[in-house]
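As a plain string of letters, each chain reads:
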Amino acid sequence: MPLVSHSSYQPPFYLFNGHLQTIVPSLWRSVPEVRYQRERVETEDGDFLDLDWSRPPAELPTDTLAIVSHGLEGDASRPYMRGMVRALNQAGMDALAWNYRSCSGEMNRLLRSYHLGDTDDLDFVVRYALGTTRYRRVFLTGFSAGGNVTLKYLGENPDRVPRQVQRAAVFSVPTDLKSSSYHIARPENRIYLKRFMKTLRAKMRQKADLLPGQVDLTNIDALQDFPQFDDRFTAPMHGFTSADEYYEHASSGRYLAGIGIPTLLVNALNDPFLPPSCFPREVATRSAFVYLETPADGGHVGFGEGSPDGAYYSERRAVEFLTAEVPA
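Residues numbered from 1 in each chain as written. Predicted model: local features only at pLDDT ≥ 70, side-chain atom pairs only at ≥ 80, totals over all residues. Heavy atoms only, no water.

A. Region of the structure containing the overall build of the chain. On a plain count of helices and strands, the chain comes out with ten helices and nine strands. Counting across all 328 residues of the chain, residues that qualify as buried make up 60%. If you take every contact in the chain between residues at least 6 apart in sequence, the share linking residues at least 24 apart comes to 76%. With the model as given, the accessible surface of the chain reaches about 13,800 Å², and the carbon-plus-sulfur share is 52%. Of the charged side chains in the chain, 35 are positive and 40 negative; the average position of the first set lies 2 Å away from that of the second. (Helix = DSSP H or I, 4+ residues; strand = E, 2+ residues; numbered from the N terminus. Buried < 20%, exposed > 50% of the residue type's maximum accessible area, 1.4 Å probe, protein only. Contact = heavy atoms within 4.5 Å. Areas by Shrake-Rupley, 256 points an atom, 1.4 Å probe, with all protein chains shown as cover. Lys, Arg positive; Asp, Glu negative; His and termini not counted. Charge placed at Lys NZ, Arg CZ, Asp CG, Glu CD.)

B. Seen up close, unusual backbone geometry. Phi is positive for Val301, close to 50°, though the residue is something other than glycine. If you trace the backbone, Val301 turns up in the loop between β9 (290–293) and α10 (313–323).

C. Seen up close, the pairing of strand β8 (residues 263–266). Neither face of β8 is open: one carries Thr263 and Leu265, the other Leu264 and Val266, and all of them are buried. Both strand β7 (residues 165–171) and β8 contribute to a ladder of four bridges, which runs parallel. The residue bridging Ala168 from the neighbouring strand is Thr263, located in β8. Handedness of the β-α-β unit built from β8, helix α9 (residues 281–286) and β9 comes out right-handed. (Pairing = 2+ DSSP bridges. Right-handed = clockwise from strand over helix to strand, strands pointing away.)

D. Molecular detail of the pairing of strand β3 (residues 48–54). Of all the seven residues making up β3, seven are buried; the element is thus mostly covered by neighbouring parts of the structure. Here β3 shows no split at all, with Phe48, Asp50, Asp52 and Ser54 on one side and Leu49, Leu51 and Trp53 on the other all buried. Both strand β2 (residues 37–42) and β3 contribute to a ladder of six bridges, which runs antiparallel. Each residue of the ladder has a partner; that of Arg40, found in β3, is Asp50. Joining the antiparallel neighbours β2 and β3 is a turn of five residues, in which Gly46 adopts a positive phi near 90°. Examined bridge by bridge, β3 and strand β5 (residues 94–99) share five bridges and lie antiparallel to one another.

E. Here's a closer look at the packing of helix α6 (residues 190–210) against helix α7 (residues 226–237). Running from N to C, α6 and α7 point in directions that differ by 35°, and their axes come no closer than 11 Å. At the point where α6 passes α7, the crossing takes the left-handed sense. In this structure, α6 contributes Leu193, Phe196, Met197, Leu200, Arg201, Met204 and Lys207 to the contact, and α7 contributes Phe226, Phe229, Phe233 and Met237. Residues that form the contact of α6 with α7 fall into these classes: nine nonpolar, no polar and two charged. (Axes fitted to C-alpha atoms, helices over the stretch in contact; angles between N-to-C directions. Left-handed = near helix turned anticlockwise from the far one by under 90°. Nonpolar A, V, L, I, M, F, W, Y, C, P; charged D, E, K, R; others polar.)

F. Geometry of α7. Among the residues of α7, Phe226, Pro227, Phe229, Asp230, Phe233, Thr234, Ala235 and Met237 are the ones counted as buried. On its buried face, α7 is in contact with α5 (177–183), α6 and α8 (243–250). A distance of 2.9 Å separates the backbone nitrogen of Gln228 from a side-chain oxygen at the start of α7, and that oxygen is part of Asp225. Trailing α7 by a residue or two, Gly239 shows a phi angle of about 90°, which is positive. (Polar contact = N/O pair within 3.5 Å; in protein donor to acceptor, adjacent residues only side chain to side chain.)

G. How the structure looks around the environment of Tyr36. Mapping Tyr36 onto the fold places it in the loop between α1 (18–28) and β2. Tyr36 gets classed as partly exposed once you look at its relative accessible area, which sits at 21%. On a C-alpha basis, the gap between Tyr36 and Arg82 in space is 9.4 Å, while along the polypeptide they are 46 residues apart. In contact with Tyr36, not counting residues within four places along its chain, are Asp52, Trp53, Ser54, Ala76, Met81, Arg82, Val85 and Ala97.

H. Region of the structure containing the environment of Gln164. By the element assignment, Gln164 lies in the loop between α4 (145–156) and β7. Relative accessible area serves as the criterion here: at 17%, Gln164 is assigned to the buried category. On a C-alpha basis, the gap between Gln164 and Asn148 in space is 20 Å, while along the polypeptide they are 16 residues apart. Those residues within four positions of Gln164 in sequence are excluded, and the remaining contacts are Leu130, Tyr135, Arg136, Arg137 and Val138.

Here it is in structure tokens:
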């Protein structure tokens, strides 16, 4: 019954609500200690992925790798990614922060980009890393959209997951994409939605320039929320007939029961992005592997402790869960 009954997370006094807990770490956190080594790998369909590696000092070789997946319109350079990578390195692990197609600073080559249920690219990254023959164990971590991809990957086809993938820890995950897409459009959340829509529209314009005649930008500025954008672009560009079909297929909640390795899901109760359907208590109660932790505070991809630049609860909790002899 992996329903975590108590969470030890306590926010600092100055982060006294979910919006501050979300915004302050995003805008004012810095993690300069992390130095990435970028590697570009070619995908089987003629595209590319940019992988950012970070390893402990050479005198501390390790056979353990943690793969970190970022959120919607994020990338490996985001403070929450760098903070997790730093914590994993300090725990003696190699870390691989991968950038989704179109997210590494250069537009990808194909019409398709990335979406919140695209587990094939994560599987490609896992198998590419294992192909280096350096690693005996692989852990998966992810935030928000990256957490959704991670959970779906683990649960939709467990036989596909290599045996070296042994544990996972994810944070602030919209396990029900349809409900989440409407929840973020609520008036109190419009500040976040506008930021996402601005970058999504900009990417469609970049893709139209890259692939003349393949992207119809008519009335693109009239698209004001995720369902409208996903129905117009995300769904048809990735083989779905509609936004509803995309949400149904891509939501990790429907795959949680299939997860067969210890997996921690931490969703804060005051997360402004998550509706009640993103707290899968019933599944966690029945599962032998899905550990659900629901702290009262944390915001969305927040979980700050002390100063903005210090260690965060999400990082400490991930390392604790991934390295414990018995998960809890």
